[in-house]
Amino acid sequence: QVQLVESGGGLVQPGGSLRLSCVASGLTFSKYAMSWYRQSPEKERELVARISGAVGRTIYADSVEDRFTISRDNAKNTVFLQMNSLKPEDTARYFCNAEWGSVGLTFWGQGTQVTVSS
């Protein structure tokens, strides 16, 4: 059974930082592209950042470029999202996603809430 478990969310002031983690189990982690998505009540779920499985190629949403960094540790089946210079508009529930596109497999975690407020 595949599980993705996120952690690291919380309440932070504008300008602050948080580091999200997602631990995966039940899958061959290195074969999956790992992504962070976010969703707030006002918006549809959107891609924040993605990192490929083998070579670690990354892409970012324009809104987080230069502030967020996605990374992965294949030995620990974990993907991270370092979030710096947080803004109130970053407030959302952040979801971890694992995708093996060539075989059509995708899995989601339950999410972790990030609230940026003074």
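First, a word on scope: everything that follows refers to the structure included in this document. (Residues numbered from 1 in each chain as written. Predicted model: local features only at pLDDT ≥ 70, side-chain atom pairs only at ≥ 80, totals over all residues. Heavy atoms only, no water.)

## Things to note about the nonpolar core
Thought 1: Of all hydrophobic cores here, the largest spans 29 residues; its most connected members are Met-34, Trp-36, Val-79, Leu-81, Met-83 and Tyr-94.
Thought 2: For this core, the secondary-structure elements that each account for two or more residues are strand S3 (18-25), strand S4 (33-39), strand S5 (46-51), strand S7 (68-73), strand S8 (78-83), strand S9 (92-100) and strand S11 (112-116).
Thought 3: The residues contacting Leu-81, other than those within four sequence positions of it, are Leu-18, Arg-19, Leu-20, Trp-36, Val-48, Ala-49, Phe-68, Thr-69, Ile-70 and Tyr-94. (Core = buried A, V, L, I, M, F, W, Y, C linked by side-chain atoms within 4.5 Å. Buried < 20%, exposed > 50% of the residue type's maximum accessible area, 1.4 Å probe, protein only. Helix = DSSP H or I, 4+ residues; strand = E, 2+ residues; numbered from the N terminus. Contact = heavy atoms within 4.5 Å.)

## Thoughts on the pairing of S11
Thought 1: Of the two faces of S11, the one holding Thr-112, Val-114 and Val-116 is buried and the one holding Gln-113 and Thr-115 is not buried anywhere.
Thought 2: Relative to S11, strand S2 (residues 10-12) runs parallel, the two being bridged by 3 bridges. Across the sheet, residue Val-12 finds its bridge partner in S11, namely Val-116.
Thought 3: Across 3 bridges, S9 lies against S11 in antiparallel orientation. (Pairing = 2+ DSSP bridges.)

## Topic: the state of the cysteines
Thought 1: This model, assessed by the stated rule, comprises 1 disulfide.
Thought 2: Each sulfur in the disulfide pair Cys-22 and Cys-96 lies 2.1 Å from the other. Handedness here is read from the sign of the S-S torsion; for Cys-22 and Cys-96, about -80°, the answer is left-handed. Residue Cys-22 is located in strand S3, and its partner Cys-96 is located in strand S9; the two are separated by 74 residues in the primary sequence. Taken individually, Cys-22 and Cys-96 each receive the classification buried, so the pair is uniform in this respect. (Disulfide = S-S within 2.5 Å.)

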